[in-house]
Structure formats: C-alpha cells, structure tokens
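Tertiary structure, described
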Amino acid sequence: MIGRLNHVAIAVPDLAAATATYRDVLGAKVSAPQDLPAHGVTVVFVELPNTKIELLHPLGDKSPIAKFLESNPAGGIHHMSFEVEDIYKARDQLKASGKRVLGDGEPKIGAHGTPVLFLHPKDFAGALVEIEEVARK
Ligand code: CO
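In short, a report on the structure. (Residues numbered from 1 in each chain as written. Predicted model: local features only at pLDDT ≥ 70, side-chain atom pairs only at ≥ 80, totals over all residues. Heavy atoms only, no water.)

Counted as a void, the largest pocket has a volume near 590 Å³. In terms of residues, the lining of the largest pocket owes the most to one element, strand β8 (residues 115–119), which gives 3 residues. Partitioned by chemical class, the residues of the lining of the largest pocket number 14 nonpolar, 9 polar and 6 charged. (1 Å grid on protein atoms, 1.4 Å probe; cavity = no way out; pocket = protein on both sides within 12 Å on 5 of 7 lines; lining within 4 Å. Points joined across faces, edges and corners; volume = space filled by probe spheres on them. Helix = DSSP H or I, 4+ residues; strand = E, 2+ residues; numbered from the N terminus. Nonpolar A, V, L, I, M, F, W, Y, C, P; charged D, E, K, R; others polar.)

Following this line, the structure appears as structure tokens:
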C-alpha cells in the first residue's frame, strides 16, 4: 500500500537554529520559512536527495504541535509521511484492518497541497503516521 517516504516532520522550538543546523552543519538545501496559518505551523523544507525533512514550528495559539513541544521541549520527530496512490482506497483498507484514522476520517489538504490523513500512533508502533496521495507521472 505505501510507497515512498515523502517526509519526516520534526517539531522544533527554535526554527532558525534548527534551519541553521541542517543548512550549515549538515550542508542540506533548506527553503525559506513558510507560514501555513491553516495548519497552525511555520515550515522549513529541507530537501534531501531521496526525501524531505520538514521543520515545524507552532504558528498561532491553536497550533497542533504546541502540545507536542510542551512534552518535548527540545523538539522531536513528530510524524512521518508515506505516499499512497489512492488515499480513499488506503483509508478503507486501513479501517478494514482495524487501524484508527484520526479526525473525521476525511482527507484534508496538507502542507503540500495534497490530500493527507493521519493514523493513530498506538496502531503504528508509537509513531504518528501521515499518508499522502501524491500524483506520479
Ligand atoms: Co507531514
């Protein structure tokens, strides 16, 4: 069902410092910070040859990652995103396997303009999993 690892998202308390680490120490290509008010985050995309890292920082007072940073003040891996070809098909298959889909179960448009769903960490070895429908040519 799942295809490529699309990205790993890391919640960070200091976006500039984390960006500098990836850019200056690890020598990765990083984007400018992008505010995504609809998602309650500011994101820096770190482009790697085979995948991406997303550095997430809370934006606004209803940020979905604020609580995570409260429990993980130094930051930490927040979720990973796997590509799927058909998000509805993947969702229905997951639900049929007894896996919990978060929210109302309807795909939302994620930070990349593609439909995404999040899956319950307790059903996936303690890791928050995002599935993302990515069109491939
Ligand atoms: Co994501």
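Let's shift gears to the pattern of salt bridges. Taken as a whole and judged by the stated rule, the model has 6 salt bridges. A salt bridge links Arg91 to Glu106, with the shortest nitrogen-to-oxygen separation between them at 3.1 Å. A residue pair is termed long-range when its members are at least 10 positions apart, and Arg91 in helix α3 (residues 87–96) and Glu106 in the loop between α3 and β7 (108–109) qualify at 15 residues. By relative accessible area, which is 11% here, Arg91 ends up buried. Across the pair Arg100 and Asp123 runs a salt bridge, and its minimum N-O distance is 2.8 Å. One end of the pair, Arg100, is in the loop between α3 and β7; the other, Asp123, is in the loop between β8 and β9 (129–133), with 23 residues separating them in the sequence. Residue Arg100 is classed as partly exposed on the basis of its relative accessible area of 40%. With a relative accessible area of 17%, Asp123 lands in the buried category. Connected through salt bridges with shared partners, the residues Arg91, Asp92 and Glu106 form a single ionic network. (Salt bridge = Lys/Arg side-chain N within 4 Å of Asp/Glu carboxyl O. Buried < 20%, exposed > 50% of the residue type's maximum accessible area, 1.4 Å probe, protein only.)

Under the defined criterion, the tally for this structure stands at 0 aromatic pairs. Sitting over the ring of Phe124, Lys99 keeps its end group 5.6 Å from the ring centre. (Phe/Tyr/Trp six-rings, centres within 6.5 Å; stacked < 30°, edge-to-face > 60°. Lys NZ or Arg CZ within 6 Å of the ring centre and 35° of its normal.)

Our focus in this paragraph is the coordination of the cobalt ion. Those donors, His7 (NE2), His79 (NE2) and Glu130 (OE), are the protein atoms that reach the cobalt ion, and they lie 2.0 to 2.1 Å from it. Counting along the primary sequence, the residues that act as donors to the cobalt ion give the motif H-x71-H-x50-E. Of this pair, His7 sits in strand β1 (residues 5–11) while His79 sits in strand β6 (residues 76–84), placing them 72 residues apart in sequence. By relative accessible area, which is 5% here, His79 ends up buried. (Donors = N, O, S within 2.8 Å, 3.2 Å for Na, K, Ca; no water.)

Here we take up the nonpolar core. Counting residues in each nonpolar core, the largest one holds 11 residues, listed as Val8, Ile10, Val12, Leu15, Ala18, Tyr22, Ala28, Val44, Val46, Ile53 and Leu55. When residues of this core are assigned to their parent elements, the largest contribution, 3 residues, is made by helix α1 (residues 15–25). When residues no more than four places from it in sequence are discounted, the contact partners of Tyr22 are Ile10, Gly27, Ala28, Val30, Val46, Ile53 and Leu55. In this structure, Phe82, Val84, Leu119 and Ile131 belong to the second largest nonpolar core, which totals 10 residues. (Core = buried A, V, L, I, M, F, W, Y, C linked by side-chain atoms within 4.5 Å. Contact = heavy atoms within 4.5 Å.)

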